[in-house]
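Observations on the model geometry
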Amino acid sequence: MAREKAPEAAPEPEAAPERSYQELLGNLNPIARPLASRKLTRKLYKCVKKAARHKQIRRGVKEVQKFINKGEKGIIVLAGDTLPIEVYCHIPVMCEDRSLPYAYIPSKSDLGAAGGSKRPTCVIMIKPHEEYQEAYEECWEEVVSLPVPL
């Protein structure tokens with residue numbers, strides 16, 4: 001005679017409150033320059049989502065570094081709240097050497113979510129593709145126009 005458990009109403013997991021752009025800026029590390037504006041950050045997230053749908057992204061430091069060294073072209077998006085910064089501080093130098101555009105955004109968890117992952121991601125490379133060419137070129141122009149840090 002096993003006891004039957006009464007079906008309990010499963011408590012719904014509370015979603016993490018959406019943090020504003022200004023709140024996310026408080027967690028930035030000192031090397032997060034050039035930082036994308038709020039508008040450009042949203043455009044980059046949308047472009048990452050489209051690229052992920054077509055399997056045209058490279059995610060993670062190791063993978064992005066490998067394909068930068070191989071000469072692959074694209075926009076590099078780095079998360080500005082990654083600690084320790086030694087994990088990825090060499091990526092901007094590699095981008096500047098190969099004249100690839102790069103920009104920092106405030107949140108690695110949002111970047112990972114945009115890339116279709118449950119895990120936070122500190123670096124993503126968006127590769128060009130004809131399906132989202134217009135959005136890609138718009139992001140490319142805005143990222144290239146960002147001031148390069150000294």
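Structure: see above.
Residues numbered from 1 in each chain as written. Predicted model: local features only at pLDDT ≥ 70, side-chain atom pairs only at ≥ 80, totals over all residues. Heavy atoms only, no water.

**Overview of the side chain of Asn 29**
Tracing the backbone through its elements, the reader meets Asn 29 in the loop between helix H1 (21-25) and helix H2 (38-53). By relative accessible area, which is 5% here, Asn 29 ends up buried. With sequence-adjacent residues up to four places away left out, Asn 29 is seen in contact with Gly 80, Asp 81, Thr 82, Leu 83, Ile 85 and Tyr 88. (Helix = DSSP H or I, 4+ residues; strand = E, 2+ residues; numbered from the N terminus. Buried < 20%, exposed > 50% of the residue type's maximum accessible area, 1.4 Å probe, protein only. Contact = heavy atoms within 4.5 Å.)

**Thoughts on the state of the cysteines**
Taken as a whole and judged by the stated rule, the model has zero disulfides. Cysteine Cys 47 is unpaired, with the sulfur of Cys 139 as its nearest cysteine sulfur at 4.4 Å. Its relative accessible area of 1% is what places Cys 47 among the buried residues. (Disulfide = S-S within 2.5 Å.)

**Overview of the pattern of salt bridges**
Pairing between side chains of opposite charge can happen when their charged atoms approach one another. In the structure shown here, the tally under the stated rule is four salt bridges. Between Glu 138 and Lys 43 there is a salt bridge whose closest N-O contact spans 2.8 Å. In this pair, Glu 138 sits in helix H6 (residues 133-145) while Lys 43 sits in helix H2, placing the two residues 95 residues apart along the sequence. Taking relative accessible area as the criterion, Glu 138 reaches 36% and is therefore assigned partly exposed. Across the pair Glu 63 and Arg 58 runs a salt bridge, and its minimum N-O distance is 3.8 Å. According to the relative accessible area criterion, Glu 63 is partly exposed, its value standing at 30%. (Salt bridge = Lys/Arg side-chain N within 4 Å of Asp/Glu carboxyl O.)

**Here we look at the packing of aromatic side chains**
Under the counting rule described, the total for this entry stands at three aromatic pairs. Ring plane angle 80 degrees and centroid distance 6.2 Å describe the contact between Tyr 88 and Tyr 104, whose orientation is recorded as edge-to-face. Taken as a pair, Tyr 88 in the loop between strand S2 (75-79) and helix H4 (91-97) and Tyr 104 in strand S3 (residues 102-105) lie far apart in primary sequence, 16 residues in all. Just as Tyr 88 is buried, Tyr 104 falls in that class too. Between Tyr 136 and Trp 140, the ring centres sit 6.0 Å apart and the planes meet at 40 degrees, which makes this aromatic pair tilted. Taken as a pair, Tyr 136 and Trp 140 lie in helix H6 at a separation of four residues, close to a single helical turn. The ring of Phe 67 carries the charged tip of Arg 58 above its face, separated from the ring centre by 3.7 Å. (Phe/Tyr/Trp six-rings, centres within 6.5 Å; stacked < 30°, edge-to-face > 60°. Lys NZ or Arg CZ within 6 Å of the ring centre and 35° of its normal.)

Everything listed is a geometric property; what it means functionally is a separate question.
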